[in-house]
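Residue-level listing of the chains:
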Amino acid sequence: MRPNKNTLQPSLSEKFSGLIWKLKVHDHGLIAIETRNAESRQVAFSAFDFITGEKKFKEKTYDEGWNLSLAFAGQQNIVLNGYEHAQTPESKGILSVSAQDGSIIWQQFNVSLNDVQNAGIQVYDSRIQPRKYYWIDHNSAAVIPAPGSDVNPEIFFPEIDIKFIIPANISHGVLAGELSVLHHSDKVILSFHEVNADQMQQRLVVYQGDKILIDDILISGIQKLQPEAFFIQKNHLFYIRNKEEIVAYLV
């Protein structure tokens, strides 16, 4: 048994019926999640308060189905981008839904998304050439003046550290690939792949000094290296477990 496992309590831990496809996080504490189930071709959207763990809504679906994708999470609304076909990245149609319950605030079928910021949504009418871009309001879809530069939230991602040495108190199998490391406050967040009995898994460890705070398996039984699946925003560590569960810790 690994020592001091999970001595931090998660602020959010939620499992879904589909694979987590996309995340959007807002500074006020909202995380919006897009999940996809390839077998049922079901696309669902969920929203949670990652500070309190409150569920706003979970796995809500809309008529546009497979051709919808998560574009933005705001304090009051979530923007879903429509596509004309599943095989093309060409935007066609926008939904603005409530961040509280997922109900549709408005939807526009003849506008396409070009950019989205906290102050507005930049769109164009795909039927008109050349394209003419303009901005609309998140909650009313009314045309608004172009906003100024958006303030991007501070998000911290790990970096590859080829010189990093795993502390002796963290036991591990044969390492595969590179180590991903993020120093935050007085803690170290470490992610790596290891091989045990011909099975490869991706693991995440958070430690402070000689104390292990979190020791978790992100995914096991894999055949190839996985992309990084954690970041920090608003002092919360977010990561995905087994591609279908979102976990957040205050670190």
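Residues numbered from 1 in each chain as written. Predicted model: local features only at pLDDT ≥ 70, side-chain atom pairs only at ≥ 80, totals over all residues. Heavy atoms only, no water.

1. A look at the packing of aromatic side chains
Applying the stated criterion across every chain yields a total of seven aromatic pairs. Between the aromatic rings of Phe45 and Tyr62, the centroid separation amounts to 6.1 Å while the plane-to-plane angle is 50 degrees, which identifies the pairing as tilted. Placement of Phe45 in strand S4 (residues 42-49) and of Tyr62 in the loop between strand S5 (55-60) and strand S6 (68-73) is noted, with a sequence separation of 17 residues between them. On the basis of relative accessible area, Tyr62 is assigned to the buried category, the value being 9%. When the centroid spacing of 5.5 Å and the interplanar angle of 75 degrees are considered together, the rings of Tyr124 and Tyr133 count as edge-to-face. Given the relative accessible area of 4%, Tyr124 is considered buried. Owing to a relative accessible area of 38%, Tyr133 belongs among the partly exposed residues under this scheme. Every member of this aromatic cluster is reached through a ring pair, and the members are Phe50, Phe157, Phe231 and Phe238. Over the ring of Phe16 we find Lys58; its NZ or CZ atom is 5.4 Å from the centre of that ring. (Phe/Tyr/Trp six-rings, centres within 6.5 Å; stacked < 30°, edge-to-face > 60°. Helix = DSSP H or I, 4+ residues; strand = E, 2+ residues; numbered from the N terminus. Buried < 20%, exposed > 50% of the residue type's maximum accessible area, 1.4 Å probe, protein only. Lys NZ or Arg CZ within 6 Å of the ring centre and 35° of its normal.)

2. Let's talk about the pairing of strand S11 (residues 120-125)
Among the six residues of S11, six are classified as buried, and the element is accordingly described as predominantly covered. Burial of the side chains of S11 extends over both faces: Gly120, Gln122 and Tyr124 are buried on one face and Ile121, Val123 and Asp125 on the other. Bridging between strand S10 (residues 111-117) and S11 involves six bridges; their strand directions are antiparallel. Looking across to S11, one finds that Val116 is bridged to Ile121. Where S10 hands over to S11, the hairpin turn is made up of two residues, counted between the paired strands. Here S11 pairs with strand S12 (residues 134-136) via three bridges, running antiparallel. Within S12, the residue paired with Val123 across the bridge is Tyr134. (Pairing = 2+ DSSP bridges.)

3. A few points about the sheet that holds strand S22 (residues 245-250)
One open sheet holds the five strands; their spatial order is S1-S22-S21-S20-S14, and the pairing between them is antiparallel. Sheet topology places strand S1 (10-15) and strand S14 (155-156) at the edges, where each strand pairs with a single neighbour. Of the strand pairs in this sheet, strand S21 (residues 236-241) and S22 are connected by six bridges, and their pairing is antiparallel. When the bridges of S22 are listed, Ile240 appears paired with Ile246.

4. Details of the side chain of Thr35
Tracing the sequence through the fold places Thr35 in strand S3 (residues 30-37). Assessed through its relative accessible area of 2%, Thr35 is described here as buried. With residues up to four places along the chain from it excluded, the contact list for Thr35 reads Phe16, Gly18, Leu19, Ile20, Trp21, Gln42, Val43 and Ala44. (Contact = heavy atoms within 4.5 Å.)

5. Focus: the environment of Ala146
Among the secondary structure elements, Ala146 is positioned in the loop between strand S13 (143-144) and S14. Here the alpha-carbon distance between Ala146 and Tyr134, two residues twelve residues apart in the chain, equals 7.3 Å.

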